[in-house]
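So the chains spell out like this:
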Amino acid sequence: QVQLVESGGGLVQAGGSLRLSCAASGRTFSRDDMGWFRQAPGKERDFVAAIRWSGSSTYYADSVKGRFTISRDNAKNTVYLQMNSLKPEDTAVYYCAVDTGHTLPRDRVAAYDYWGQGTQVTVSS
């Protein structure tokens with residue numbers, strides 16, 4: 001049974017930083033691309049960042065480029081999202097996800113086969 005467990009969310013002031021982690025189990029993820037999405041109340045789930053299985057390539061939404069960094073440790077089956085210079089508009093539930101098929105654009109929710117339960121990030125002004 002595949003499980004993704006996010007952690008590291010919380011309340012932070014604008015300009016602060018948080019590091020999210022996503023621990024995966026139930027499958028060998030070293031050949032899977034992984035991504036982070038976020039969903040604010042009343043809004044759709046939006047792409048944040050993605051990383052190729054090898055870690056050689058990373059991709060970001062324009063809104064977070066230069067502030068967020070995605071990374072992974074395949075030995076630990078864990079993907080990270082370092083978030084710096086946080087803004088109130090970054091407030092959302094953050095989800096990690098696994099793309100096993102590599103057939104759809106990585107910024108689409110439908111591209112991902114497994115999802116975590118989410119972790120809340122709240123940025124106060």
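Rules and cut-offs
Residues numbered from 1 in each chain as written. Predicted model: local features only at pLDDT ≥ 70, side-chain atom pairs only at ≥ 80, totals over all residues. Heavy atoms only, no water. Core = buried A, V, L, I, M, F, W, Y, C linked by side-chain atoms within 4.5 Å. Buried < 20%, exposed > 50% of the residue type's maximum accessible area, 1.4 Å probe, protein only. Helix = DSSP H or I, 4+ residues; strand = E, 2+ residues; numbered from the N terminus. Contact = heavy atoms within 4.5 Å. Disulfide = S-S within 2.5 Å. Pairing = 2+ DSSP bridges. Axes fitted to C-alpha atoms, helices over the stretch in contact; angles between N-to-C directions.

> Hey, could you go over the nonpolar core for me, with residue numbers and the actual values?
Core analysis: the biggest nonpolar cluster contains 34 residues, and W36, L81, M83 and Y94 have the highest contact counts within it. Elements that contribute at least two residues to this core include exactly β3 (18–25), β4 (33–39), β5 (45–51), β7 (68–73), β8 (78–83), β9 (92–99) and β11 (119–124). Beyond its immediate sequence surroundings of up to four residues, L81 is in contact with L18, R19, L20, W36, V48, A49, F68, T69, I70 and Y94.

> Talk me through the state of the cysteines; I want residue IDs and the actual numbers.
Scanning the entire structure with this criterion turns up one disulfide. There is a disulfide in this structure between C22 and C96, and the S-S distance comes to 1.9 Å. With the S-S dihedral at roughly 45 degrees, the linkage between C22 and C96 falls on the right-handed side. With C22 in strand β3 and C96 in strand β9, the pair connects residues that are 74 residues apart, well separated along the chain. Judged on exposure class, the residue C22 and its partner C96 are both buried.

> Tell me about the pairing of β7, and please be specific about residues and values.
Burial along β7 is one-sided: the face carrying F68, I70 and R72 is buried and the face carrying T69, S71 and D73 is not. Strand direction decides the pairing type here: β7 and β8, joined by six bridges, are antiparallel. Bridge pairing in β8 places R72 opposite V79. Linking β7 to β8, which pair antiparallel, is a turn of four residues; within it N77 sits at a positive phi near 50 degrees.

> Describe the sheet that holds strand β1 (residues 3–7), naming the residues involved and giving the relevant values.
Across the sheet, which stays open at both edges, the four strands sit in the order β1-β3-β8-β7 with antiparallel pairing between neighbours. Looking at which strands have only one partner, the edges of the open sheet turn out to be β1 and β7. On average, each strand axis in the sheet is tilted by 15 degrees relative to the strand beside it, whichever way the strands run. As paired elements, β1 and β3 share five bridges and run antiparallel to each other. Bridge pairing links E6 to C22 in β3.

> Account for the pairing of β11, with residues named and values stated.
Across the two faces of β11 the burial differs, with T119, V121 and V123 buried and Q120, T122 and S124 not buried at all. Alignment of strand β2 (residues 10–13) against β11, held across four bridges, turns out to be parallel. By the bridge assignment for β11, G10 is matched with V121. Bridge count between β9 and β11: three bridges; the pairing is antiparallel. Looking at the pairing, Y94 lines up with T119 of β11.

Bear in mind that shape data such as this cannot, by itself, settle questions of function.
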